[in-house]
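Chain residues, written in single-letter form:
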Amino acid sequence: MSESIIRYSGRQARAIKTFLGRFLGYGGAQVGLVCLAFFIVVAAVPDILVGPLQTAINATGEFLAPPSSQHVLGTDEVGRDVLNLVVHGARISLTIALLATVISLVVGTTIGMTAGYYGGVVDVWLMRFTDFFFVMPSFVLALVITPVVVEVIGRGQEILGFRPSLFVILVVIGMTSWAFVARIVRSQTLSLKERTFIDRARVVGSSNFSIMVRHILPNLVPQIAANGALVVAGAIFVETSLSFLGLGDPLQPSWGTLLSLAQRAGAASAGAWWYLGAPGACVLTVSLSFVLIGNALDDTFNPRRRVIP
Amino acid sequence: MPDTANILQLESLQVHFPIQGGLFDRVLGRPAGAVRAVDGIDLSVGRGEIVALVGESGSGKTTVGRVITKLAQPTGGKMLFEGRDMTSVQRASALRPYRHRVQMIFQDAYQALNPRHTIFDIVAEPLRSLRLVDNRKQLADRVSEALASAGLNPPGDFFARFPHELSGGQRQRVVIAGALAVKPELIVADEPVSMLDVSIRAQILQVLVDLRHKHNMALLFITHDLPLAWLIADRIAVLYLGKLVEIGSADEITFQPRHPYTVALLNATPQMGGDAGRAEVPALQGEVPSAARVPKGCRFHPRCPLAFDRCRQEEPPPIEVGPKHLAACWLAN
Ligand SMILES: Nc1ncnc2c1ncn2[C@@H]1O[C@H](COP(=O)(O)OP(=O)(O)OP(=O)(O)O)[C@@H](O)[C@H]1O
Ligand code: SF4
Ligand SMILES: [Mg+2]
């Protein structure tokens, strides 16, 4: 037995190697992964790179000073170092985007797979429910949820390390992006469940649950992975726009919050391009990396059939 | 020796698939109609007996197999297993004992195997889901045993492989091993060799025939190939457009066919054609009509060279033309 188990893992390793070989063969994947690795390192150890987050109190620079040797990315309207803010913002932005994506993938996959597998009434109602969330504007949802969350947990408290407004953003992104995942997963499940191996699984006595978990889910992984990367890109954008609209938290500034602060400080009219440019460039780079990775995953899994929504 | 007691009995089994009428039909209140895939079949399979179900494409063979394996729900009639009515049993837990005793072999083995599972997991799946083993050791033993009876030797070499790493014949053996693993009493084999090279067919058929001898397993063998049916089966049932037109012992159906359709099928196969003592019937003309528009009267009449007026009006009942030999034709007696 143990011998075959060893060979089994050998085979798995070989399959993973072939997959990585093909995936890394795409230029887009290389660019995306390098950029992403850079930002993940930055987000992991901001204090080591640029020291603790600066506030109006411990700010050291001039007001809105252009980039110089001391402040590589200039300063903001209260004299804080923009590089310091952007590096700390990376952690907030990435954490929110990734957590929101996890919520969205878990909810979207569960609902999409259940709807597609059971069909009939279950499908009709679950998809109505999904469509409701599909068309729901995230901003409106955030406006509705914010007071509720603040009321329930109290102002100034933290949930799982997030201040209420950030927690709201996290939940809102999760709630508005799963519908996209659910639709894709459902359509894929509809075609998977017609496959003969599902019939065989039923004949050999597998329960519906085990058919979904052991037969359908593993065959959904390519779709989920490729679209998951796109969901992250979308989540970063939504996070940025919600924060830009003022739903962020100035005490835990994300890139969107910085853009919003820059906008309110009149950075554009004052010609302070570094203040708007730095967080803006970060948002664009990270979203683009995830899109590139998502497309490369999609190409790796289905080399011929290329569908980017 | 086949036992006389029936293990499976189909009584006027009927499977109609509703046709979604277009908007036009619905506005005019026209009935949408149905595809009459299986249109009233009486068929029994004895313990340890091999029964072949023969018919052209679209005659409803697979649908019968899917009803027996509880993958499709009949719209009428009854299905009895060892005398117990299984027609309306649908809950997974209630079906478990049935699944333990009735298994299926699929036509396209490549499609029937999950590409992401190893051969071990595939053959172990029925044992795990039906809870037939207590520990890993037992599981490994049963899987080895099943792979070996399906002719995959040594079994251990196949445990860690994936379906795409096997040949077509080996894949079909894996499907057979999965069915054998639970030691069923009835196996429905839906065209198990039609996708395989001629050179491998005989070996796979041998595996199936051996099962009956070793384990007294009954087999419902679905095929479109009448000579093959004669080779392997005790009895042959000929299906045409969802109805049995003739049923009898393999020898009688092959050498004394009484239904013009059976005769035409036999004439269409070179190695069996031109036997003495058989009515002179020209080869079959035209396509099988759609099961959505079954002809009135005898459903074979548009293609039957012997058709006369009565055939276009009245449907012939099965007529006993010999011991346990029925034919549904006005000219049968
Ligand atoms: N799920 C379904 N919905 C509607 N019609 C169906 C369905 N399944 C089968 N049919 C129809 O029922 C008829 C019989 O189909 P079936 O697959 O049982 O034939 P078959 O004898 O197995 O043919 P083949 O030799 O091609 O496999 C066909 O006309 C088919 O189109
Ligand atoms: S009943 Fe008539 S049409 Fe039908 S098979 Fe017999 S002769 Fe042909
Ligand atoms: Mg078929």
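Remember, it's a predicted structure, so these values are computed and weren't measured experimentally.

> Describe the side chain of Ser206(A), listing the residues and the values that go with them.
Mapping Ser206(A) onto the fold places it in the loop between helix H8 (196-203) and helix H9 (208-247). A residue is classified by how much of its surface remains accessible, and Ser206(A), at 8% relative accessible area, is buried. Of note is the side chain of Ser206(A), whose polar atom sits 2.7 Å from the side chain of Glu125(B). Not counting residues within four places of it along the chain, the set of residues in contact with Ser206(A) comprises Ala201(A), Ile211(A), Glu125(B) and Ser129(B).

> Mind laying out the packing of helix H10 (residues 255-264) of chain A against helix H11 (residues 273-301) of chain A, listing which residues take part and the relevant values?
Residue and element names in this part refer to chain A. Contact pair H10 / H11: the axes reach a minimum separation of 9 Å and the direction vectors enclose 150°. It follows from the interaxial angle that H10 and H11 lie roughly antiparallel. The chirality of how H10 crosses H11 is left-handed. Side by side, H10 and H11 meet where Trp255, Leu258, Leu259, Leu261, Ala262 and Gln263 of the first sit next to Tyr275, Leu276, Pro279, Gly280, Cys282, Val283 and Val286 of the second.

> Describe the site of ligand 2, naming the residues involved and giving the relevant values.
Close to ligand 2 lie 13 residues; Cys298(B), Cys304(B), Cys311(B), Cys329(B) and Trp330(B) are nearest. Residue composition of the shell around ligand 2, by class: eleven nonpolar, two polar and no charged.

> So what's going on with the interface of chain A and chain B? Residues and values would help.
The partner chain B presents 33 residues to the 23 residues of chain A that form the contact. Approximately 2,500 Å² of surface area, both sides summed, lies buried where chain A meets chain B, with 52% of it carried by carbon and sulfur atoms. Across the contact surface, chain A and chain B share two salt bridges. A salt bridge links Asp199(A) to Arg66(B), with the nearest nitrogen and oxygen atoms 2.9 Å apart. Summed over the shared surface of chain A and chain B, the result is 14 residue pairs in polar contact (both at pLDDT 80 or more). Secondary structure elements with two or more residues in the side of chain A that touches chain B: helix H1 (2-24), H8 and H9 of chain A. At seven residues, the largest contribution of residues to the side of chain A that touches chain B is made by H8(A).

> Please set out the UniProt feature "transmembrane region" (unreviewed entry) in chain A residue by residue, giving values where relevant.
Residue and element names in this part refer to chain A. The UniProt entry lists residues 20-45, 92-120, 132-154, 166-185, 224-247 and 272-297 under the feature "transmembrane region" (unreviewed entry), expressed in the numbering used here. Within residues 20-45, the helical portion is 88% and the strand portion 0%, while the C-alpha atoms at the span's ends are 28 Å from each other. The span residues 272-297 shows a helical share of 96% and a strand share of 0%, and its end C-alpha atoms are spaced 39 Å apart.

> Run through helix H8 (residues 198-215) of chain B, naming residues and quoting values.
All names here are of chain B. With 18 residues, H8 should reach 26 Å at 1.5 Å per residue; the first-to-last C-alpha distance of 27 Å fits that figure. Buried within H8 we find Ile204, Leu205, Val207, Leu208, Val209, Leu211 and Arg212. With its phi angle positive at about 55°, Asn216 sits one or two positions after the end of H8.

> Before we move on, can you summarise the pairing of strand E11 (residues 319-322) of chain B with the specific residues and values?
All names here are of chain B. Relative to strand E12 (residues 325-327), E11 runs antiparallel, the two sharing three bridges. The partner of Glu320 across the bridge, within E12, is Leu326. What sits between E11 and E12 in their antiparallel hairpin is a turn of two residues, with Lys324 showing a positive phi close to 55°.

> Go over the packing of aromatic side chains, please, and point to the residues and values.
What the rule picks out here adds up to 15 aromatic pairs over all chains. Taking 5.7 Å as the distance between ring centres and 80° as the angle between the ring planes, the aromatic pair formed by Trp273(A) and Trp274(A) counts as edge-to-face. Judged by relative accessible area, Trp273(A) falls into the exposed class, the value being 59%. Where Tyr261(B) meets Phe300(B), the ring centres are 5.2 Å apart and the plane angle is 70°; that geometry is what we call edge-to-face. Of this pair, Tyr261(B) sits in helix H11 (residues 260-267) while Phe300(B) sits in the loop between H11 and helix H12 (309-313); the two residues are 39 residues apart in sequence, bridging distant segments of the chain. Through a chain of ring-to-ring contacts, three or more aromatic side chains come together here, namely Phe129(A), Phe132(A), Phe133(A) and Trp178(A). Cation over ring: Arg183(A) sits above Phe134(A), and NZ or CZ is 3.8 Å from the ring centre. Between the NZ or CZ atom of Arg310(B) and the centre of the ring of Trp330(B), over which it lies, the distance is 3.6 Å.

> Go over the sheet that holds strand E10 (residues 243-249) of chain B, please, and point to the residues and values.
Residue and element names in this part refer to chain B. Taken in spatial order, the eight strands line up as E6-E7-E8-E3-E9-E10-E12-E11 in an open sheet, and their pairing is mixed. In this open sheet, the two strands that pair with only one neighbour each are strand E6 (102-105) and E11. Neighbour to neighbour, the strand axes of the sheet diverge by 25° on average, direction disregarded. Against the sheet, helix H3 (residues 92-101) touches E6 and strand E7 (186-190), its axis set at about 60° to E6.

> Tell me about the site of ligand 1, and please be specific about residues and values.
All names here are of chain B. Near ligand 1 there are 13 residues, and of these Ser57, Gly58, Lys61, Thr62 and Thr63 occur at the shortest range. Residue Gly58 places a main-chain N or O atom 2.8 Å away from an oxygen atom belonging to ligand 1. In the model, an oxygen atom of ligand 1 is placed 2.5 Å from a nitrogen or oxygen of the Thr63 side chain. Put simply, the parts of the chain that give the shell around ligand 1 at least two residues each are strand E2 (34-46) and helix H2 (61-68). Take the shell around ligand 1: its biggest share by element is three residues, from H2. Broken down by class, the residue content of the shell around ligand 1 amounts to four nonpolar, six polar and three charged.

> Please set out the side chain of Glu49(B) residue by residue, giving values where relevant.
Among the structural elements, Glu49(B) can be located in the loop between E2 and strand E3 (50-54). In contact with Glu49(B), other than residues within four places in its own chain, are Ser44(B), Arg212(B), Ala218(B), Leu219(B), Asp234(B) and Arg235(B).

> If you had to explain the packing of helix H6 (residues 138-153) of chain A against H9(A) to someone new, which residues and values would you point to?
Residues and elements named next belong to chain A. Contact geometry for H6 and H9: axes closest at 11 Å, N-to-C directions at 55°. With respect to H9, the axis of H6 lies oblique. The way H6 lies across H9 gives a crossing that is right-handed. On the side of H6, the interface is formed by Ser138, Phe139, Ala142, Leu143 and Thr146, while H9 contributes Val238, Leu242, Leu245 and Leu247. Class assignment of the residues belonging to the contact of H6 with H9 gives a composition of seven nonpolar, two polar and no charged.

> I'd like to hear about the pattern of salt bridges, residue by residue, with values.
On inspection of all chains with the given rule, the structure shows 23 salt bridges over all chains. A salt bridge links Asp131(A) to Arg183(A); the shortest N-O distance between them is 2.8 Å. Of the two residues, Asp131(A) is situated in helix H5 (residues 120-134) and Arg183(A) in helix H7 (residues 164-192); the sequence distance between them amounts to 52 residues. Relative accessible area serves as the criterion here: at 35%, Arg183(A) is assigned to the partly exposed category. The partner of Asp141(B) in a salt bridge is Lys137(B), with the nearest N and O atoms 2.8 Å apart. Of the two residues, Asp141(B) and Lys137(B) both sit in helix H6 (residues 136-149), four residues apart, roughly one turn of that helix. For Asp141(B), a relative accessible area of 40% corresponds to the partly exposed category. One continuous salt-bridge network, built from bridges that share partners, spans Arg36(B), Asp39(B), Lys243(B), Arg299(B) and Glu315(B).

About the cut-offs
- Residues numbered from 1 in each chain as written.
- Chains lettered and ligands numbered in written order.
- Predicted model: local features only at pLDDT ≥ 70, side-chain atom pairs only at ≥ 80, totals over all residues.
- Heavy atoms only, no water.
- Helix = DSSP H or I, 4+ residues; strand = E, 2+ residues; numbered from the N terminus.
- Buried < 20%, exposed > 50% of the residue type's maximum accessible area, 1.4 Å probe, protein only.
- Polar contact = N/O pair within 3.5 Å; in protein donor to acceptor, adjacent residues only side chain to side chain.
- Contact = heavy atoms within 4.5 Å.
- Axes fitted to C-alpha atoms, helices over the stretch in contact; angles between N-to-C directions.
- Parallel < 35°, antiparallel > 145°, perpendicular 65-115°, else oblique.
- Left-handed = near helix turned anticlockwise from the far one by under 90°.
- Near = heavy atom within 4 Å.
- Nonpolar A, V, L, I, M, F, W, Y, C, P; charged D, E, K, R; others polar.
- Buried area = accessible area lost by both parts, 1.4 Å probe.
- Salt bridge = Lys/Arg side-chain N within 4 Å of Asp/Glu carboxyl O.
- UniProt positions renumbered as here; feature names shortened; annotations may be inferred.
- Expected span 1.5 Å × (residues − 1).
- Pairing = 2+ DSSP bridges.
- Phe/Tyr/Trp six-rings, centres within 6.5 Å; stacked < 30°, edge-to-face > 60°.
- Lys NZ or Arg CZ within 6 Å of the ring centre and 35° of its normal.

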